[in-house]
Amino acid sequence: MSQAELLATIKAIAVPGKGILAADESDKTIAKRFKSINLESTEESRRAYREMLFTTPEFGQYVSGVILYEETLYQKHKDGTPFPELLAKQGAIPGIKVDKGLVDLPNCPGEQITQGLDGLTDRLKKYKEQGARFAKWREVYHIGDVIPSSLAIKANAEMLAFYAAACQEQGIVPIVEPEVLIDGSHTLARCFAVTEAVLHAVFKALYKHKILLEGMILKPSMVISGNQCAKQADVQEVAEQTLTVLRRYVPAAVPTINFLSGGQSSEVATAHLNAMNKDKNNPWNLSFSYGRALQDHALKAWGGKPENVAVAQHALHKRLKLNGLASVGKYDSSME
Ligand code: 13P
């Protein structure tokens, strides 16, 4: 492992005012997103969509890293420039989703685990040759009356740690993503308790697997009310509870925390990030690694039509700019 290589990548990503664009939707997920605009998902429509995103003016002013799906890592701009090269020109580092998605976790009804460790080291070597400097692996935790179970919490944490170790060995910065899902009628307090158990287990596993904390990125969910909960916590509560749990369980050695949006609306995700950055006592850089909260408006504006590229890019630019401001606590809802 080259520590210097990991630290150089972190330094380029954890820049105040910038964050990560998650554009690593799997074929199944992007097909679902395209269905919402009545567009068929083909290799070419996926390529055209990602080209629209990555050629947005001033992209690199707000985006320091982009998470790609494997197919996209090997695709090109229509002028022939490979996407990783295009992103580098824009000032953003290419990253790659390396997990292979979710499967049911045996003996744990309603719970899941992520697969993809087989052959991971070989794949990491190939992705690095192609320009990827960081990677992403996501584990999910469903909240129910009796889940997540301690077995699922432990098993998922182990997977994240195995993956992170494989990445660091290859000089690739791992994004460690434990996502406590928004789905359900649970309260904010219940989400807090689950997030607490999850982060505690994740950092214990990362310690056991000798992960260099200075050379990783944490991508957590925020502490929020379930999407079916009658009482929705306000922005301030979410910010306070999220910071409380992070301060208790995430060592200050972790350089940057880049949140997922996880089903929050674009505007709410920005407001939450901003509220957390109003507090100047955070030991880590706090930014975004949003997928939907950055792309939703742009996807709709694009609608799969070449003539809409400029207006779609305008919509993405707005979200990038506002989240860039939120990452330094300088956003205000009047800017919407
Ligand atoms: P969302 O922001 O849409 O949750 O996507 C982030 C991500 O990368 C999920 O793995």
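See the structure above.
Parameters and conventions
- Residues numbered from 1 in each chain as written.
- Predicted model: local features only at pLDDT ≥ 70, side-chain atom pairs only at ≥ 80, totals over all residues.
- Heavy atoms only, no water.
- Helix = DSSP H or I, 4+ residues; strand = E, 2+ residues; numbered from the N terminus.
- Rg over C-alpha atoms; globule rule 2.2 N^0.38 Å.
- Buried < 20%, exposed > 50% of the residue type's maximum accessible area, 1.4 Å probe, protein only.
- Contact = heavy atoms within 4.5 Å.
- Areas by Shrake-Rupley, 256 points an atom, 1.4 Å probe, with all protein chains shown as cover.
- Lys, Arg positive; Asp, Glu negative; His and termini not counted.
- Charge placed at Lys NZ, Arg CZ, Asp CG, Glu CD.
- Phe/Tyr/Trp six-rings, centres within 6.5 Å; stacked < 30°, edge-to-face > 60°.
- Polar contact = N/O pair within 3.5 Å; in protein donor to acceptor, adjacent residues only side chain to side chain.
- Expected span 1.5 Å × (residues − 1).
- Pairing = 2+ DSSP bridges.
- Near = heavy atom within 4 Å.
- Nonpolar A, V, L, I, M, F, W, Y, C, P; charged D, E, K, R; others polar.
- Axes fitted to C-alpha atoms, helices over the stretch in contact; angles between N-to-C directions.
- Parallel < 35°, antiparallel > 145°, perpendicular 65-115°, else oblique.
- Core = buried A, V, L, I, M, F, W, Y, C linked by side-chain atoms within 4.5 Å.
- Right-handed = clockwise from strand over helix to strand, strands pointing away.

Trainee: Give me the lowdown on the overall build of the chain, citing residues and values where you can.
Mentor: Secondary structure summary: the chain contains 13 helices and ten strands in total. The C-alpha atoms of the chain give 19 Å as radius of gyration, which agrees with the globular expectation for 336 residues (20 Å, within 12%). Seen through its principal axes, the chain has C-alpha atoms that stretch 50 × 45 × 40 Å. Taking all 336 residues of the chain together, the buried fraction comes to 57%. Taking as baseline every contact in the chain between residues at least 6 positions apart, the subset at least 24 positions apart corresponds to 78%. When the accessible surface of the chain is summed, it comes to about 14,100 Å², and 53% of that surface belongs to carbon and sulfur atoms. Positive and negative side-chain charges in the chain, numbering 39 and 37 respectively, have mean positions lying 2 Å apart.

Trainee: Residues and numbers for the packing of aromatic side chains, please.
Mentor: Throughout the structure, instances matching the rule amount to seven aromatic pairs. On the basis of an interplanar angle of 40 degrees and a centroid distance of 5.9 Å, the ring pair of Phe 288 and Tyr 290 is categorised as tilted. With respect to class, Phe 288 is no different from Tyr 290; both count as buried. Members of the aromatic cluster, each reached through a chain of ring pairs, are Phe 34, Tyr 49 and Trp 302.

Trainee: Break down the environment of Glu 44 for me, with residues and values.
Mentor: Residue placement: Glu 44 occurs in helix α3 (residues 43-54). Under the relative-accessibility criterion, Glu 44 is labelled partly exposed at 46%. With 154 residues separating them along the chain, Glu 44 and Val 198 place their C-alpha atoms 39 Å apart. Polar contacts involving the side chain of Glu 44 include one to the side chain of Arg 47, which spans 2.8 Å.

Trainee: Tell me about helix α9 (residues 188-208), and name the residues and values.
Mentor: Two residues of an α-helix separated by three or four positions point the same way, owing to the 3.6 residues in each turn. With 21 residues, α9 extends 30 Å between its outermost C-alpha atoms, agreeing within 8% with the 30 Å of an ideal straight helix rising 1.5 Å per residue. Summarising the contacts, the buried residues of α9 are in contact with β6 (134-141), α8 (150-169), β7 (173-180), β8 (217-218) and α10 (235-249). Count one or two residues on from α9 and you reach Lys 210, which has phi positive near 60 degrees.

Trainee: So what's going on with the sheet that holds strand β9 (residues 256-259)? Residues and values would help.
Mentor: Taking strand neighbours around the barrel as the criterion, the eight strands line up as β1-β2-β3-β6-β7-β8-β9-β10 in a closed arrangement whose pairing is parallel. Across two bridges, β8 lies against β9 in parallel orientation. Within β9, the position partnered with Ile 217 by the bridge is Thr 256.

Trainee: Which residues make up the site of the ligand, and what are the values?
Mentor: As a matter of local geometry, the ligand sits amid 13 residues, with Lys 136, Lys 219, Ser 261, Gly 262 and Arg 292 nearest to it. With respect to the ligand, the side chain of Lys 136 contributes an N or O atom lying 2.5 Å from an oxygen atom. The separation between an oxygen atom of the ligand and a polar side-chain atom of Ser 261 is 2.4 Å. Within the complex, the protein chains bury 91% of what would otherwise be the 300 Å² of accessible surface of the ligand. Contributing elements (two or more residues each) for the shell around the ligand: β6 and β10 (285-290). Partitioning the shell around the ligand into residue classes produces three nonpolar, four polar and six charged.

Trainee: I'd like a description of the packing of helix α11 (residues 266-278) against helix α13 (residues 309-326), backed by residues and values.
Mentor: Between two packed helices, what matters for the description is the angle formed by their axes and the separation of those axes. With their axes 8 Å apart at the nearest point, α11 and α13 run at an angle of 20 degrees to one another. Here α11 lies roughly parallel to α13, going by the angle between them. Contacts between α11 and α13 involve Ser 266, Glu 267, Thr 270, Leu 273, Asn 274 and Asn 277 from the former and Arg 319, Leu 322, Asn 323, Leu 325 and Ala 326 from the latter.

Trainee: Please set out the nonpolar core residue by residue, giving values where relevant.
Mentor: In this structure, Phe 54, Phe 59, Val 66, Tyr 163, Phe 203 and Leu 218 are the most contacted members of the largest nonpolar core, which totals 108 residues. In this structure, Tyr 163 is in contact with Val 98, Leu 117, Leu 120, Ala 135, Lys 136, Trp 137, Pro 174, Ile 175 and Val 176, ignoring residues within four places of it in sequence.

Trainee: I'd like to hear about the pairing of β10, residue by residue, with values.
Mentor: With six of six residues buried, β10 lies mostly within the body of the structure. Across two bridges, strand β1 (residues 19-23) lies against β10 in parallel orientation. Each residue of the ladder has a partner; that of Ile 20, found in β10, is Ser 289. Sheet analysis places β9 next to β10, joined by four bridges and oriented parallel. In the sheet register, Asn 258 faces β10, and the bridge partner there is Ser 287. Assessed by its sense of winding, the connection that carries the chain from β9 through α11 to β10 is right-handed.

Trainee: Account for helix α12 (residues 292-302), naming residues and giving values.
Mentor: Every buried residue of α12 is accounted for by Ala 293, Leu 294, Gln 295, Ala 298, Leu 299 and Trp 302. On its buried face, α12 is in contact with β1, α2 (27-35), α3, α11, β10 and α13. One or two residues past the end of α12 sits Gly 303, with phi positive at roughly 60 degrees.

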